[in-house]
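Commentary on secondary and tertiary structure
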Amino acid sequence: MYKIQKAEKLADKIYLMDVEAPRVARHCQPGQFIIVKMDEKGERIPLTICDFDREKGIVTIVFQTVGASTEKMAHLKAGDAFEDFVGPLGCPSELIGEDIEELKKKKLVFVAGGVGTAPVYPQVKWLHEHGIDADVIVGAKNKDLLILEKEMEAVAGNLYITTDDGSYVRKGMGTDVLKDLVNNQGKKYDRCIAIGPLIMMKFVCLLTKELGIPTIVSMNPIMVDGTGMCGACRLQVGDEIKFACVDGPEFDGHLVDFDQAMKRQQMYKTEEGRAMLKLQE
Ligand code: FES
């Protein structure tokens, strides 16, 4: 069993948990994910790793309630435990494998949307620990849905916050901030890493294509079982078919067919849709 050390509500429908999982904590890297199961009959839920403490053997997960299982998970408290906590799974962020000295010469910008701020955080933290301060744009629907602001502030080179409704800092989307930084403030970026809802990543990619900034996206949002079995995360990347949970979750955002991914995500929300997709495979 994997004991929950801390359970905290970060925002409406968004929860953080520190889980005792020493083996996962020892081996995981930013960008990877884990699969939790609440009990023997529970659904397998893939969740990205938000933080980890190798010494204490703690892995921090952040999740948004999207259905019955995550809803049930939100009721777990400190002292409760998961039946299963499997990982680390998926490939680490491509930044992790790169030459640090080369990375130091690059200007990086992250665009995080909503709960996508959670998987962005360990990457920015890792860079910071290696002497690289990236610019980070965090977008949320409103002030109440903004998460990990203080944590991000501590590790980002510059943190730019924006809210869709203007209830905090500035009004607009992450793409508006990026456009402003590049077009009006003379910022130049060698790479962009965007993580958030599919629609957000799609628009970041359209913009960065225009601006000529290579862009990595994380296709976590389309995963269902995280095992390569359900087919939910099947994805067109250029002329190749990939599975986000096995081949990713990171991909070249300029090659991802977001419209197709969004259609599949919609289909997977219903039983009938899932059955239809199975027939097509
Ligand atoms: Fe099911 Fe990838 S999430 S196959």
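Being a predicted model, the structure only gives us computed values, none of them experimental.

1. Focus: the packing of helix H6 (residues 174-183) against helix H7 (residues 198-211)
- Between H6 and H7, the shortest axis-to-axis distance is 10 Å and the interhelical angle comes to 15 degrees. It follows that H6 is roughly parallel to H7 by the angle criterion. Remark: the crossing between H6 and H7 carries right-handed chirality. Seen from H6, the contacting residues are Thr-175, Leu-178, Lys-179, Val-182 and Asn-183; seen from H7, they are Phe-203, Val-204, Leu-207, Thr-208 and Leu-211.

2. Details of the sheet that holds strand E2 (residues 14-20)
- Strand order in the open sheet made by the 7 strands is E6-E1-E2-E5-E4-E3-E7, with antiparallel pairing throughout. The open sheet terminates on both sides in strands that have one partner only, identified here as strand E6 (81-82) and strand E7 (84-89).
- Judged from the 4 bridges that link them, strand E3 (residues 33-37) and E7 form a sheet pairing that is antiparallel. Note that in E7 the partner of Lys-37 across the bridge is Asp-84.

3. Concerning the nonpolar core
- Met-219 and Phe-258 are the most contacted members of the largest nonpolar core, which has 33 residues in total.
- Secondary structure elements with two or more residues in this core: E3, strand E8 (108-113), H6, strand E11 (191-195), H7, strand E13 (234-237), helix H8 (244-247) and helix H9 (258-267).
- Ignoring sequence-local partners within four residues, the contact set of Met-219 consists of Leu-198, Met-201, Leu-235, Ala-244, Pro-249, Phe-251, Val-256, Phe-258 and Ala-261.
- Leu-16, Cys-50, Ala-118 and Trp-126 belong to the second largest nonpolar core, which has 32 residues in total.

4. Topic: the side chain of Thr-162
- Note that Thr-162 resides in strand E10 (residues 158-163).
- In this structure Thr-162 comes out as buried when scored by relative accessible area, which is 0%.
- In this structure, Thr-162 is in contact with Val-138, Gly-139, Ala-140, Arg-170, Lys-171, Gly-172, Met-173, Gly-174 and Val-177, ignoring residues within four places of it in sequence.

5. Description of the domain arrangement of the protein
- Taken domain by domain, the protein holds domain 1 (2-89), domain 2 (108-214) and domain 3 (219-281).
- With centres defined by C-alpha atoms, the gap from domain 1 to domain 2 works out at 24 Å.
- Here domain 1 meets domain 2 over a buried area of about 1100 Å², counting both sides, of which 72% is carbon and sulfur.
- Linking domain 1 with domain 2 are 1 salt bridge, by the criterion used here.
- Where domain 1 packs against domain 2, one counts 1 residue pair in polar contact (both at pLDDT 80 or more).
- Of all the elements in the fold, those that place two or more residues in the side of domain 1 that touches domain 2 are strand E1 (2-11), E2, strand E4 (45-53) and strand E5 (58-64).

Scoring rules and cut-offs
Residues numbered from 1 in each chain as written. Predicted model: local features only at pLDDT ≥ 70, side-chain atom pairs only at ≥ 80, totals over all residues. Heavy atoms only, no water. Axes fitted to C-alpha atoms, helices over the stretch in contact; angles between N-to-C directions. Helix = DSSP H or I, 4+ residues; strand = E, 2+ residues; numbered from the N terminus. Parallel < 35°, antiparallel > 145°, perpendicular 65-115°, else oblique. Left-handed = near helix turned anticlockwise from the far one by under 90°. Contact = heavy atoms within 4.5 Å. Pairing = 2+ DSSP bridges. Core = buried A, V, L, I, M, F, W, Y, C linked by side-chain atoms within 4.5 Å. Buried < 20%, exposed > 50% of the residue type's maximum accessible area, 1.4 Å probe, protein only. Domains from an automatic or database assignment. Buried area = accessible area lost by both parts, 1.4 Å probe. Salt bridge = Lys/Arg side-chain N within 4 Å of Asp/Glu carboxyl O. Polar contact = N/O pair within 3.5 Å; in protein donor to acceptor, adjacent residues only side chain to side chain.

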